Amino acid sequence: MGGNDSTEYYEPQDGSGDSSQIVWQSSTTNTVDQTGYDNWQIRIWDKSSSSSKVLGSAEELNGTNATPQTYGEIVPTANDDYVYFASNIKINGKWQESVLSWSLKSAETQDKADIIGSGNFPAATPKRRHLCRLSRTKKPANSKPILS
């Protein structure tokens, strides 16, 4: 990569999965200093097709490769129906931490992110099949997370 190389390379970072599918986040690495930004993309691999594909990216959603980072480490999660992630999304000119989902079943919404809530720390549960968000309120060290 030379100093004028504008090619973006996505480096795999965090992910989750089971024996049937894996979802992960990759972020660009390049010669431009992007401290404080996260130009991510979400990919999924499924066993039935033995292939992977990009579900979405920060650049696609926000129109820029300079999406501000969110608070904490965000790990994409999935169940049989949806993939969940959180990112800053530009809404009415302001950056807002938002929980995103991608449908894995509906052909008309596949590959399109839906904003399903504000905040971050999404979690997919295999049995309950819905989103849980952890509160970011400071709690004593021995307390349990509050689901909202």
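Residues numbered from 1 in each chain as written. Predicted model: local features only at pLDDT ≥ 70, side-chain atom pairs only at ≥ 80, totals over all residues. Heavy atoms only, no water.

(A) Examining the sheet that holds strand β6 (residues 82-91) more closely. Strand order across the open sheet formed by four strands is β5-β6-β7-β8, with antiparallel pairing between neighbours. The strands lining the two open edges of the sheet, one partner per strand, are β5 (77-78) and β8 (113-118). Two elements, β5 and β6, share two bridges in a ladder whose sense is antiparallel. Residue pairing in the sheet places T77 in a bridge with Y84 of β6. (Pairing = 2+ DSSP bridges. Helix = DSSP H or I, 4+ residues; strand = E, 2+ residues; numbered from the N terminus.)

(B) Structural detail: the packing of aromatic side chains. Tallied over the entire structure, the rule returns three aromatic pairs. Ring centres of W40 and F85 lie 4.9 Å apart, and the angle between their planes is 65 degrees; this geometry places the pair in the edge-to-face category. Within this pair, whereas W40 is found in strand β3 (residues 40-46), its partner F85 is found in strand β6, the two being separated by 45 residues in sequence. Each member of the pair, W40 as well as F85, is classed as buried. Aromatic side chains Y82 and Y84 sit 6.1 Å apart centroid to centroid with 35 degrees between the ring planes, which places their arrangement in the tilted category. Overall, Y84 belongs to the buried group, its relative accessible area being 4%. (Phe/Tyr/Trp six-rings, centres within 6.5 Å; stacked < 30°, edge-to-face > 60°. Buried < 20%, exposed > 50% of the residue type's maximum accessible area, 1.4 Å probe, protein only.)

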